[in-house]
Amino acid sequence: MSMIQLAMQNFKSNLRNYLAVVLSMAFTILAFVNFQNIIYSNLFEGLGGKNAEYIDILVQIISIVLICFMFCFLWYATNVFLTKQKKEIGIYIFMGLTNQQIGKLYFIETVMTGIFAWILGISSGMLTTQLFQMILLAISDITVEIAFQFHIEPLILPSIVYLLFYLIFSIKGYVEIVRSSVLELVSATRQNEYVRQNPVVLTVKTILGLIILFSGYFLAIKEGGQEVMGNVLAAVALVILGVYLLFGGFLPMLFQKLAKRKTFLYQKERTLWVNNVIFRMKKNYRAYAMTCVLMLCSVTALATGFAMKYRYEAMTHFRTTYTYQIIGSQSGLSDMIRPLIEKNNQIEYETEITVLHIDDSAWKTETHTSDYAVVSYSQMKQLAKAAGLEFTLKNPKQDEIIKISRLYLLSLLTNRSDVICTIHGKTYQQIQETTVPYLGYLQEMMSLYLVNDKEYKRLLPLGEELYLYNYKIQDLSNFAAANDALDSLSPEMGVIKTDPNSSDIEWVKVLYTMCIFMFLVFILASGSILFMKLYNDSFEEKERMQTLRKIGISGKILKKSVSNELKAAYGLPFLVMAVSAYFSVHALEKMMYADLRLIYFASIAVVFAVFFCFYRLSAMAAAKE
């Protein structure tokens, strides 16, 4: 039998064992191809230049994430193949094969597996491009014409990246086998991925891991100003390192402590699985940590997507609060403006308010802008009632002020306490900030603040009082009918026309959908990694299970012990992820001004359901061994 025939035979027999990892690699290629196809299909050109540009940037960012993810995932996958191959090396040595021949056999079999995954991913990616676009547009609620076009360009980058990484790691495995001694190869099945460490090392890892992990949690939810982005990046690095040390130190030490307690160990047949969990924890802690981090990424991606969706809806509502806004220096102009609008449209509601424009030289604020204005409390309350907007603001005192802010897609300023501003030498304490669109689009154009009526009158000599007239029409589709008439108003009057069909933020909806796909990629990969690791471990359990059956342990008890061991293997990464995800989602809440608690619990439930399915598959696979 030739080397290629032997490798082909091994490939066919082991394909079932590697199926989870192969499908995950293929799914990663599929996602990569479909995201690249967005760039070359010109799908979103109809949304306008800025939207198309932003979407291309998003796709490029996601492509970089997928490349990094593919690098790590292929590294792990080829290590799994190498570990599995080492378990058969003893047979090959007794057959008379040299290290070079064994390495060559490993290389050919691994390349076959990789090419199979590549062909599966590329072909499925080509077949699903139009389906992917339809799903993307359906979830994003964007209406554009889809024309089926086949481009070779989207296949190039995913293929080059995948095949290059895979070839590098396959050569690495070949070199490792060739350079190993015969003794190392024969004893490879008894070698652990984890070098056994003494309790002192575990204690040090535990202390460092907990300090680093909680430091990451603290930075994730810490409020601040421009330093928030740096805190978030530091939090990501600290949480990843902390999770790694948690599985490498704290959890093994915890189970070792529990194993020493006889009252715990000798109840409910725990002796059959607790010590094995300790051994597996020491052996597989890298896989557990990687799985936990990938799950954390998946939950964060999903939360980010829904946060973007909520923010898009809020920003759309914010901008369409009023259809037309006219600002001028004269009062009583509503009788002149209203007929111009009512000539072709019916007004749903209208409001009027005066704003005091004060020169920016009189202001000192944290974020300095060129246009500042203040409004009085009583007028704002009347405006909110007329427009049907909620009004929960309390009347500020003489030295207090409320900021009327715009809606930002993402804000790095999460510290809203102890904010002060100065107007013409007088200091005010900012007691509240609201993003309710009382003044509509004007809130995006000016820095607006609310003061009580008495303070408003005191500030009158410092600025110029302007009159703002706001109108919302019933039929938004007839928006353009009053444009010419309003344009004929005096040049001294500013006219703001908010087109309800404006699509300058449509790219946000696309980002929401992309986050959902990234959630699927990460969750499938994390489940596949853990499933593959536990499936390989089940081969090592065959002799132990046979021995336990021979000494009289019933099959029912053994099945229960295996189930408990698998529950620990899937449950521990899930619990660590659930705790860590709370802090990441909470940090996202602060930056997005959104309540994401429901999304957090929903995403945790989805991850639990996916992992429960992988757990059942692992239990069935272990029962067959």
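A brief look at the structure comes next. (Residues numbered from 1 in each chain as written. Predicted model: local features only at pLDDT ≥ 70, side-chain atom pairs only at ≥ 80, totals over all residues. Heavy atoms only, no water.)

Section: the environment of Leu566
Logical step 1: You can see Leu566 is positioned in helix H19 (residues 555-592).
Logical step 2: In this structure Leu566 comes out as buried when scored by relative accessible area, which is 8%.
Logical step 3: Residues Leu566 and Ala619, spaced 53 residues apart in sequence, show a C-alpha to C-alpha distance of 7.3 Å. (Helix = DSSP H or I, 4+ residues; strand = E, 2+ residues; numbered from the N terminus. Buried < 20%, exposed > 50% of the residue type's maximum accessible area, 1.4 Å probe, protein only.)

Points about helix H13 (residues 377-387)
Logical step 1: Burial in H13 covers these residues: Tyr377, Met380, Leu383, Ala384 and Ala387. Axial view of H13: buried residues confined to an arc of 125°, hence all on one face. Of the exposed residues in H13, the ones pointing more than 90 degrees away from its buried face are Gln382 and Lys385.
Logical step 2: Residues of H13 that are buried sit in contact with strand E2 (347-358), strand E4 (372-376), strand E5 (400-404), strand E8 (447-451), helix H15 (453-459) and strand E9 (463-473).
Logical step 3: Following H13 by one or two positions, Gly388 has its phi on the positive side, about 70°. (Arc of directions from axis to C-beta. Contact = heavy atoms within 4.5 Å.)

Concerning the side chain of Ser618
Logical step 1: With respect to the helices and strands, the residue Ser618 is situated in helix H20 (residues 597-624).
Logical step 2: A distance of 2.5 Å separates the side chain of Ser618 from the side chain of Tyr570, its partner in a polar contact.
Logical step 3: Excluding its chain neighbours within four sequence positions, the residues that come into contact with Ser618 are Phe531, Leu534, Leu566 and Tyr570. (Polar contact = N/O pair within 3.5 Å; in protein donor to acceptor, adjacent residues only side chain to side chain.)

Concerning the sheet that holds E2
Logical step 1: The mixed open sheet is built from 10 strands, whose spatial order is E3-E6-E7-E5-E8-E4-E2-E9-E1-E10. Of all the strands in the sheet, the pair left with one neighbour each is strand E3 (363-364) and strand E10 (494-497).
Logical step 2: Sheet analysis places E2 next to E4, joined by three bridges and oriented antiparallel. When the sheet's bridge partners are listed, Ile358 is paired in E4 with Tyr372.
Logical step 3: Against the sheet, helix H12 (residues 334-342) engages strand E1 (324-328), E2 and E9, with an angle of about 25° to E9.
Logical step 4: Taken strand by strand, H13 contacts E2, E4, E5, E8 and E9, and its axis lies near 160° from that of E2. (Pairing = 2+ DSSP bridges. Axes fitted to C-alpha atoms, helices over the stretch in contact; angles between N-to-C directions.)

Remarks on the nonpolar core
As a rule of thumb, soluble globular proteins bury nonpolar side chains together.
Logical step 1: One finds Met25, Phe35, Val243, Phe247, Met514, Met577 and Val607 to be the most contacted residues of the largest nonpolar core, which totals 119 residues.
Logical step 2: Residue contacts for Phe247: discarding those within four places in its chain leaves Pro252, Met281, Tyr285, Tyr288, Ala289, Cys292, Leu572, Pro573 and Val576.
Logical step 3: Judged by nonpolar contacts, the second largest core, of 26 residues, contains Tyr322, Ile353, Ala387 and Leu439. (Core = buried A, V, L, I, M, F, W, Y, C linked by side-chain atoms within 4.5 Å.)

Focus: the environment of Glu342
Logical step 1: By the element assignment, Glu342 lies in helix H12.
Logical step 2: The class for Glu342 is partly exposed, based on a relative accessible area of 44%.
Logical step 3: Taking the C-alpha atoms as reference points, Glu342 and Ala481, separated by 139 residues in sequence, lie 9.9 Å from one another.

Some words on the pairing of E9
Logical step 1: With respect to burial, E9 is a largely interior element, eight of its 11 residues being buried.
Logical step 2: Bridge analysis of E1 against E9 gives five bridges, and the strand direction is antiparallel. Bridging from a neighbouring strand, Ile327 pairs with Leu468 of E9.
Logical step 3: For E2 and E9, the ladder comprises 11 bridges, and the chain directions are antiparallel. Looking at the pairing, Val355 lines up with Leu466 of E9.

Some details on the state of the cysteines
Logical step 1: Applying the stated criterion across every chain yields a total of zero disulfides.
Logical step 2: You can see Cys292 has no disulfide; the closest cysteine sulfur is in Cys297, sitting 9.7 Å from it.
Logical step 3: Residue classification places Cys292 among the buried positions, given a relative accessible area of 1%. (Disulfide = S-S within 2.5 Å.)

Focus on the environment of Lys172
Logical step 1: One can find Lys172 in helix H6 (residues 153-179).
Logical step 2: In sequence terms Lys172 and Phe107 are 65 residues apart; their C-alpha atoms lie 9.4 Å from each other.
Logical step 3: Those residues in contact with Lys172, other than ones at most four positions away along the chain, are Trp75 and Asn79.

Describing the pattern of salt bridges
Working definition: two side chains of opposite charge can pair if their charged atoms are close together.
Logical step 1: On inspection of all chains with the given rule, the structure shows seven salt bridges.
Logical step 2: Residue Arg338 pairs with Asp335 through a salt bridge whose shortest N-O separation is 3.5 Å. Within this pair, Arg338 and its partner Asp335 are both found in helix H12, separated by three residues, close to a single helical turn.
Logical step 3: Overall, Asp335 belongs to the exposed group, its relative accessible area being 56%.
Logical step 4: Of the charged contacts, one joins Glu350 and Arg338 as a salt bridge, the two residues approaching to 2.9 Å between their closest N and O atoms. With Glu350 in strand E2 and Arg338 in helix H12, this residue pair connects regions lying 12 residues apart in the sequence.
Logical step 5: You can call Glu350 partly exposed: its relative accessible area is 28%. (Salt bridge = Lys/Arg side-chain N within 4 Å of Asp/Glu carboxyl O.)

As far as function goes, none of this settles anything; it's purely spatial.
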